[in-house]
Amino acid sequence: MSTNPPNLRPDLAPKAKISNPSRPGQPTIGMVSLGCPKALVDSERILTRLRAEGYGVSPDYSGADAVIVNTCGFLDSAKAESLDAIGEALSENGRVIVTGCLGAEPDYIREHHPKILAVTGPHQYEQVLDAVHSAVPPSPDPFIDLLPAQQVSLTPRHYSYLKISEGCNHKCKFCIIPDMRGRLQSRPAHAVLREAERLVDNGVKELLVISQDTSAYGVDIKHAEDRGHRAHITDLARDLGSLGAWVRLHYVYPYPHVRQLIPLMAEGLVLPYMDIPFQHAHPDVLKRMARPAAAAKTLDEIAAWRDICPDITLRSTFIVGYPGETEAEFQTLLDWLDEAQLDRVGCFQYENVEGARSNALPDHVDADVKQDRWNRFMEKAQAISEAKLEAKVGRRMDVIVDEIDDEAATCRTKADAPEIDGNLFIDEGFDGLSVGDIVTVEVEEAGEYDLWGRVV
């Protein structure tokens, strides 16, 4: 049984779980999915299309006729991880198709791995399918394969990511995601609801709403209403909340209209949880990042949210060591964190990313200073987390069961998203539980990031 590590990268999705058996003689494709939950959804869509065409899905290299590597290009460290994954797939299988965010740089990939079969960019589903057809021609059994395919899920069956839009209209200087994934493209609300209804009908008990900018959902299509559903995050959250599943909102920018979501959380329609990428607190750093510089106003917003919904959980990510960050500016961030008392916090040390405008900024921070600031930031965040969790001892709350082994049932409270937040462990009296159950527990013990409790 492991506890949540303090340095868990907040941009990573859960590890893909593949368990679809293939029939004898069926062409099979392996999938390595790296990066964020948005990339995991892309992997699910690709595999769903391939399954509909008669391909099997292999959980390992040896059983696959070819392997798709869905890459991440968010940071240079993520690029290196993607290159390593491509190299491993080439070594273990030899027939590799590359897609995803790093696929937007095909020359860079081929420079390191010239033997790959094909490269496509992010969410280029048709090009990926074309590459698979060329490498491994389909051979469907018309009595088995050519039927409407149930969506392939790479997460446990009791929760699923629900992507509501693609792309981003922000121009943050440290980020190249808009260059790779384009401007905001919202899905029609009725299509999102249809997918959500199908997921819930198939046993999903938690919907994790994701996009690059969830708060901006519908802006590009002028909040169009179609078939009784309006493309606005407040309306969408209300509609999703009517389905009976937990609804968790990720990547919510703190625009003024976000306060309209808080009453829905207080009413229990959506989980009292918001994942908000604040990134920093000093107005000058935020200005250099090309982000809204309103840290003081943000504190007022947080106070207002907590007034409406006292149980709200706030998680965020921050960057330390951004070019030009002074010790005084970093201290402002620490002081802001003291005031904000965020429940869950992730932190990056700034890295140059090829193509990012921040690379050209003056006064880059030395690596040892970045490490020192990261350590100090995480020490403070850990202390806040520990105190907040200690305050939950003795409380009763609902949890969802994610895993069960010989030692314990690993669960999450409404305050915890999969993989990136903490866990609640039930290490006694868990024999009758099943994965996906939602049960009431009483919290008996708290750690730095995790809780322990018993079933009531």
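Every chain is numbered independently, its residues counted from 1 as its sequence is written. Owing to the predicted nature of the model, reporting of local features is limited to residues with pLDDT of at least 70; listing and counting of side-chain atom pairs is limited to 80 or more, with chain, interface and lining totals taken over all residues. Note that water and hydrogens are dropped before the side-chain values are worked out from all heavy atoms of the structure.

1. So, the overall build of the protein chain
Of the regular secondary structure elements, the protein chain holds 12 helices and 20 strands. Summarising its shape, the C-alpha atoms of the protein chain cover approximately 60 × 55 × 50 Å along the three principal directions. Working definition: with a 1.4 Å probe on protein chains only, accessible area under 20% of the residue-type maximum means buried, over 50% means exposed, and in between means partly exposed. Sorting the 456 residues of the protein chain into buried and exposed places 55% on the buried side. Taking contacts inside the protein chain between residues at least 6 apart in sequence as the whole, the part at least 24 apart equals 75%. Surface exposure of the protein chain reaches about 19300 Å², of which carbon and sulfur atoms provide 49%. Positive charge is attributed to Lys and Arg, negative charge to Asp and Glu, and no charge count is given to His or to the chain ends. Where a charge lies is defined by one atom per residue type: Lys uses NZ, Arg uses CZ, Asp uses CG and Glu uses CD. Distance between charge centroids for the protein chain: 6 Å, based on 47 positive and 71 negative side chains. Put simply, DSSP marks the helices as runs of H or I at least four residues long and the strands as runs of E at least two long, and each gets a number from the N terminus on. Every residue pair with non-hydrogen atoms within 4.5 Å of one another is taken to be in contact. Methods summary: accessible areas were calculated by the Shrake-Rupley approach with a probe of 1.4 Å, and residue burial reflects only the protein chains presented.

2. Regarding the pattern of salt bridges
Between Lys or Arg on one side and Asp or Glu on the other, a salt bridge is scored when a side-chain nitrogen of the former is within 4 Å of a carboxyl oxygen of the latter. Within this structure, the stated rule accounts for 27 salt bridges. Across the pair Lys 79 and Glu 105 runs a salt bridge, and its minimum N-O distance is 3.0 Å. Taken together, the residues Lys 79 in helix 2 (residues 76–92) and Glu 105 in the loop between strand 4 (96–100) and helix 3 (106–112) connect sequence positions 26 residues apart. When sorted by exposure, Lys 79 lands in the same class as Glu 105, which is buried. Taking the shortest distance from any N to any O, the salt bridge between Arg 248 and Glu 206 comes out at 2.7 Å. Residue Arg 248 is located in strand 12 (residues 246–249), and its partner Glu 206 is located in strand 9 (residues 206–210); the two are separated by 42 residues in the primary sequence. Taken as a pair, Arg 248 and Glu 206 share a single burial class, namely buried. Salt bridges sharing common partners tie together Glu 325, Glu 327, Asp 372, Arg 373 and Arg 376.

3. Examining unusual backbone geometry
In the Ramachandran plot, Gln 279 falls in the positive-phi region, its phi being about 75° despite a non-glycine side chain. Tracing the backbone shows Gln 279 in the loop between strand 13 (273–275) and helix 9 (283–289). Judged by its relative accessible area of 9%, Gln 279 falls in the buried class. Phi angles above zero are rare outside glycine, and Gln 341 is one such case at about 50°.

4. A word on the nonpolar core
Ranked by size, the top nonpolar core spans 53 residues in total, and within it Leu 240, Met 274, Trp 305, Phe 318, Trp 336, Leu 342 and Phe 377 carry the most contacts. It is helix 11 (residues 327–340) that provides the largest number of residues to this core, a total of 6 residues. If you look at the next biggest cluster of nonpolar residues, it comprises 26 residues, including Ala 118, Leu 129, Ala 135 and Tyr 159. The term nonpolar core refers to a set of buried residues drawn from Ala, Val, Leu, Ile, Met, Phe, Trp, Tyr and Cys, joined through side-chain atoms within 4.5 Å.

5. Considering the UniProt feature "domain: MTTase N-terminal" (unreviewed entry) in the protein chain
UniProt positions are given in the numbering used here, feature names are shortened, and annotations may be inferred rather than shown by experiment. The feature "domain: MTTase N-terminal" (unreviewed entry), as given by UniProt, occupies residues 27–137 in the numbering adopted here. Here residues 27–137 is 46% helix and 20% strand, with 8 Å between the C-alpha atoms at its ends.

6. As for the sheet that holds strand 19 (residues 438–446)
Backbone-to-backbone hydrogen bonds pair the strands of a sheet. The strands run either parallel or antiparallel. Two strands qualify as a pair provided DSSP detects at least 2 bridges between them. Taking strand neighbours around the barrel as the criterion, the 5 strands line up as 16-17-18-20-19 in a closed arrangement whose pairing is mixed. Taken over all neighbouring pairs, the strand axes of this sheet differ in orientation by 50° on average, direction set aside. Relative to strand 17 (residues 409–413), strand 16 (residues 396–404) runs antiparallel, the two being bridged by 5 bridges. Along strand 17, the bridge assignment pairs Ile 400 with Arg 412. Only the stretch in contact is used when fitting a helix axis, every axis being a line fitted to C-alpha atoms; angles between N-to-C directions are given from 0 to 180 degrees.

7. A few points about the pairing of strand 12
The side chains of a regular strand alternate between the sheet's two faces. Here strand 12 shows no split at all, with Trp 246 and Arg 248 on one side and Val 247 and Leu 249 on the other all buried. Relative to strand 12, strand 9 runs parallel, the two sharing 4 bridges. Each bridged residue has a counterpart across the sheet, and for Glu 206 the counterpart in strand 12 is Trp 246.

8. Some words on the packing of helix 11 against helix 12 (residues 367–390)
Axis angle and axis distance: for two packed helices, these are the angle between their axes and the distance between the axes, and together they describe the pair. Contact pair helix 11 / helix 12: the axes reach a minimum separation of 10 Å and the direction vectors enclose 10°. By the angle class used here, helix 11 and helix 12 are roughly parallel. Contact residues: helix 11 offers Glu 327, Phe 330, Gln 331, Leu 333, Leu 334, Leu 337 and Asp 338, while helix 12 offers Arg 373, Arg 376, Phe 377, Lys 380, Ala 381 and Ile 384. Here the residues of the contact of helix 11 with helix 12 sort into 7 nonpolar, 1 polar and 5 charged. By definition in this entry, angles of less than 35 degrees are roughly parallel, angles greater than 145 are roughly antiparallel, angles of 65 to 115 are roughly perpendicular, and the rest are oblique. Gly is put with the polar residues, along with every residue not named as nonpolar or charged; the nonpolar set is Ala, Val, Leu, Ile, Met, Phe, Trp, Tyr, Cys and Pro, and the charged set is Asp, Glu, Lys and Arg.

9. A closer look at the sheet that holds strand 4
Spatially, 5 strands are ordered 2-1-3-4-5 in an open sheet, and the strand pairing comes out parallel. A strand with exactly one partner marks an edge of an open sheet, and here the two such strands are strand 2 (56–58) and strand 5 (118–119). Strand direction decides the pairing type here: strand 4 and strand 5, joined by 2 bridges, are parallel. In the strand pairing of strand 5, Val 98 is matched with Val 119.

10. Details of the confidence of the model for the protein chain
Of all residues in the protein chain, 91% attain a pLDDT of 70 or more, and the chain-wide mean is 90. For every residue, the predictor assigns a confidence score, pLDDT, that lies between 0 and 100. Mean pLDDT across the elements of the protein chain ranges from a minimum in helix 5 (residues 177–181), with 81, to a maximum in strand 12, with 98. Contacts for the low-pLDDT stretch residues 145–149, under 50 throughout, to residues beyond four places or in other chains number 13 contacts.

11. Brief notes about the packing of helix 1 (residues 37–52) against helix 4 (residues 125–135)
Put simply, helix 1 and helix 4 touch, their axes get as near as 10 Å, and they point 50° apart. Compared by their axis directions, helix 1 and helix 4 come out oblique. Relative to helix 4, helix 1 is oriented so that their crossing is right-handed. Together, Asp 42, Arg 45, Ile 46, Arg 49 and Leu 50 of helix 1 and Tyr 125, Glu 126, Val 128, Leu 129 and Val 132 of helix 4 make up the contact between the two elements. Considering only residue class, the contact of helix 1 with helix 4 consists of 6 nonpolar, no polar and 4 charged. Two helices crossing with the near one rotated counterclockwise from the far one by less than a right angle form a left-handed crossing, whereas a clockwise rotation gives a right-handed crossing.

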